[in-house]
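In case you want the letters, here they are:
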Amino acid sequence: MTEEAATPRERAGRKWMRAVVLAAFAVSGIAALTKIPHLVRAAAPERVSARTRALAPATFYGLDTRLLESAARDIPRDSTYAVIAGGGVRSRFVRIAERTFLEYWLLPRRRTHVSSSDWIVSIGGDLQSLGLRYSRLVRVGGGMALAERLR
Amino acid sequence: MRVGGPLVFDLLLLGTGQAVLYGIGVVRSRGQALVYAGLALVVGWCALGAAIVYALILGASLEVWQPILLTAALAAGALALGRVIRAGDDTLEGRERGPAQVCAVAAAALVVGYLALLGLHAALTTSPTGWDTWAFWLPRAKAIFSFHGLHPHLQGGFDSFAHPEYPPLVPAIDATVFRFAGDASVLTLPFQDWLLATAFVAAAAAVLRRRVRPAVLWPALCLLVLAPQFGASIGEGYADPELARLIALAAVCGGVWVLERDGRLLAVTGILLVGASLTKREGLGLGLLLAVTLALAARVEGGRGWARALLLVPVLIFAALPWQIWLHVERVAYKPDYSLRTLFHPGYLSGRLGRLGIALERLPRIALSFDHWLLVLPLALLLAFLVIGTRSSLAVLVLGAIGAGYLGLACVYWIGTLPVDWYMRTSASRVVASLVVLAGALTPLVAAELLRGERVSSARLE
């Protein structure tokens, strides 16, 4: 409907509508502007080393990164590994998170069953209880260790 | 970290998108190619991404030459289509003058400046820290890259991680980025995500500028971009933000189609929704709901061809089918968070009404959270109610899409198998993004229609 065809009441209604729309935008805009300092702080670019950025998911959840770094260094990329966990690491969350992050971190190394793996990664577990023989044992600290199986 | 390779892949996405837009008649000049560059990148992401997914399903190993070949094939097909399909007219809202121009330029500058800041942050600082990101999204991408394809049943391979049933578009694209980078460099991904987020804003602006004057368009987009959750989600590595942006952009294209019945925009809507349906399981559901809502809105708007939107329903189902067939044929074992079949078991549902109540109460609380989304949703809802008397079709689109999406997401929590408190705590703030971004992206269109009569008559009075 055009302005010329509109009755005075309709014209008044449209003006009222326009005022409401502009007021809603103004309120939303002012509210958004109050957040700008927070947004700028949150998005402030900061040069972070590649290592720190790569490990950020682990440190974000408070995980000990020594196991991740040691496993990536010592386990060859074409090897397989299995993960065991136990009370040597008391936090259940840490055991689950370390295990989950390890599976992502160690690719292309494949996680397999204990019986068929080249390496065992222990997150507080008991390596001796598996009844396997090892050619190499790397104690990472914090109840965590890596062991290469003797074939 | 190597950035040259991923940028070459981005050029492939852009080239694919430009070719597809040429094929369906959206882009026919250099000027249009520039204006629609953002839309081209997103459309290319969907089209080439879908082609890569289907190639992986057929056993492709995802060597560098394969995405290049797929790009060439898609471009050749699109260019051939372009010879048959005629280009349509590209209408444009006029330039602003005076205070309106100042308002539009200031808002556009704020959007561009903030997006540039987010880009630097993504390139230098961001790490994908989300739990699901490294529990299964990134491992699946690394597995595709490392083992040269999907290779089901390979111990420690693609389907060894949580939720192997989730559609693989995001891992497939990430794996392709790795292939072009030459290693599984996950630190390149936040910048890739930022590119897509920026392309989404540019695409929405390019499509909306047909009907929305700059003084309304840029402030409205600015409100969405400045929402803390919009920037915070960039580079986290979840699929939800990309799903939200695809659904929102599809709603924008679909919304303009409802008003103009330009078939080119319905085709773009379809491509975006195919991308959404291959991005996440919820993408198919949200896509189907949006397709039906578009048909209803077009019916309310009047005119012919409203039922064409319903053609999107079989298209989306057909697009999602190959992945479901692959899961079935390969007998991939998985334990879904929910099964839609349970919606037809009254006994199962009645015993879990408490879960539905919790979901219905908490989802809006998160979507309306000022700290997450500012006033994006309240503004959209207010405008949608106001437009009921002026342009009911847009009210149907906004309220229908948000309402149906809200009920759909609540149903997921209702029938979900995980403890509802934990389930909502770990996912609700991500999944509601699809509704809020959709609302924010449609806000300029609704506001423009509310202001249109007044502005046209003012011009006449001059």
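Residues numbered from 1 in each chain as written. Chains lettered and ligands numbered in written order. Predicted model: local features only at pLDDT ≥ 70, side-chain atom pairs only at ≥ 80, totals over all residues.

Some words on the overall build of chain A
In step 1: Each helix and strand in chain A was counted, giving 5 helices and 5 strands.
In step 2: Each helix and strand of chain A, placed in order from N terminus to C terminus, yields the pattern α-α-α-α-β-α-β-β-β-β.
In step 3: Taking 15 Å as the expected radius of gyration for a compact globule of 151 residues, we find that chain A reaches 29 Å, considerably beyond that expectation.
In step 4: A principal-axis box enclosing the C-alpha atoms of chain A has dimensions of 95 × 30 × 30 Å.
In step 5: Each of the 151 residues in chain A was classed as buried or not, and the buried ones make up 31%.
In step 6: Looking at chain A alone, contacts between residues at least 24 apart form 69% of all its contacts between residues at least 6 apart. (Helix = DSSP H or I, 4+ residues; strand = E, 2+ residues; numbered from the N terminus. Rg over C-alpha atoms; globule rule 2.2 N^0.38 Å. Buried ≥ 20, exposed ≤ 12 C-beta atoms within 10 Å, placed from the backbone. Contact = placed C-beta atoms within 7 Å.)

Things to note about the nonpolar core
All names here are of chain B.
In step 1: Counting residues in each nonpolar core, the largest one holds 204 residues, and the members touching the most others are V42, L249, V252 and V376.
In step 2: Per-element accounting of this core gives the leading share, 16 residues, to helix α8 (residues 189–208).
In step 3: Once residues within four sequence positions are removed from consideration, L249 is found in contact with V42, F200, A203, A204, L272 and A441. (Core = buried A, V, L, I, M, F, W, Y, C linked by C-beta atoms within 7 Å.)

With respect to the sheet that holds strand β1 (residues 80–85) of chain A
Where strands meet in a sheet, backbone hydrogen bonds hold them as pairs that are either parallel or antiparallel.
Residue and element names in this part refer to chain A.
In step 1: Read from one edge to the other, the open sheet built from 5 strands follows the order β2-β1-β3-β5-β4, with strand pairing classed as mixed. Both edges of this open sheet fall to β2 (110–111) and β4 (134–141), since each of them pairs with a single strand only.
In step 2: When β1 meets β2, the two strands line up parallel, connected through 2 bridges. Considered in β2, the bridge of T80 is made with R110.
In step 3: Most of the contacts of helix α4 (residues 66–74) go to β4, to which it runs at about 150°, and overall it touches β3 (119–123), β4 and β5 (144–149). (Pairing = 2+ DSSP bridges. Axes fitted to C-alpha atoms, helices over the stretch in contact; angles between N-to-C directions.)

Observations concerning unusual backbone geometry
In step 1: Cis geometry is found at the peptide bond from L107 of chain A to P108 of chain A, where omega equals 15°.
In step 2: With respect to the helices and strands, the residue P108 of chain A is situated in the loop between α5 (92–105) and β2.
In step 3: Its identity as a non-glycine residue notwithstanding, H151 of chain B has a phi of 40°, on the positive side.
In step 4: In this fold, H151 of chain B is placed in the loop between α6 (131–146) and α7 (169–181).

Observations concerning the confidence of the model for chain B
All names here are of chain B.
In step 1: Across chain B, pLDDT averages 91, with 97% of residues at or above 70.
In step 2: Mean pLDDT values over the elements of chain B span from 77, in helix α21 (residues 433–461), up to 97, in helix α3 (residues 37–57).
In step 3: Contacts of residues 454–462 to residues separated by more than four positions or lying in other chains number 5 contacts, the stretch itself having pLDDT below 50.
In step 4: Reported confidence for the predicted complex is 0.88 by ipTM and 0.93 by pTM. (pLDDT = per-residue confidence, 0-100.)

A short note on helix α9 (residues 214–225) of chain B
Residue and element names in this part refer to chain B.
In step 1: Compared with an ideal rise of 1.5 Å per residue, which puts 12 residues at 16 Å, α9 spans 16 Å between its outermost C-alpha atoms and is within 8% of the ideal.
In step 2: Most of α9 sits out of view: 12 of its 12 residues are buried.
In step 3: Of the residues making up α9, those classed as buried are P214, A215, V216, L217, W218, P219, A220, L221, C222, L223, L224 and V225. (Expected span 1.5 Å × (residues − 1).)

A look at the environment of L375 of chain B
In step 1: Here L375 of chain B shows up in the loop between α17 (370–373) and α18 (376–386).
In step 2: Separated by 46 residues in the primary sequence, L375 of chain B and D421 of chain B place their C-alpha atoms 26 Å from one another.
In step 3: Apart from residues no more than four positions distant in its own chain, L375 of chain B is found in contact with V27, S28 and A31 of chain A together with F370 of chain B.

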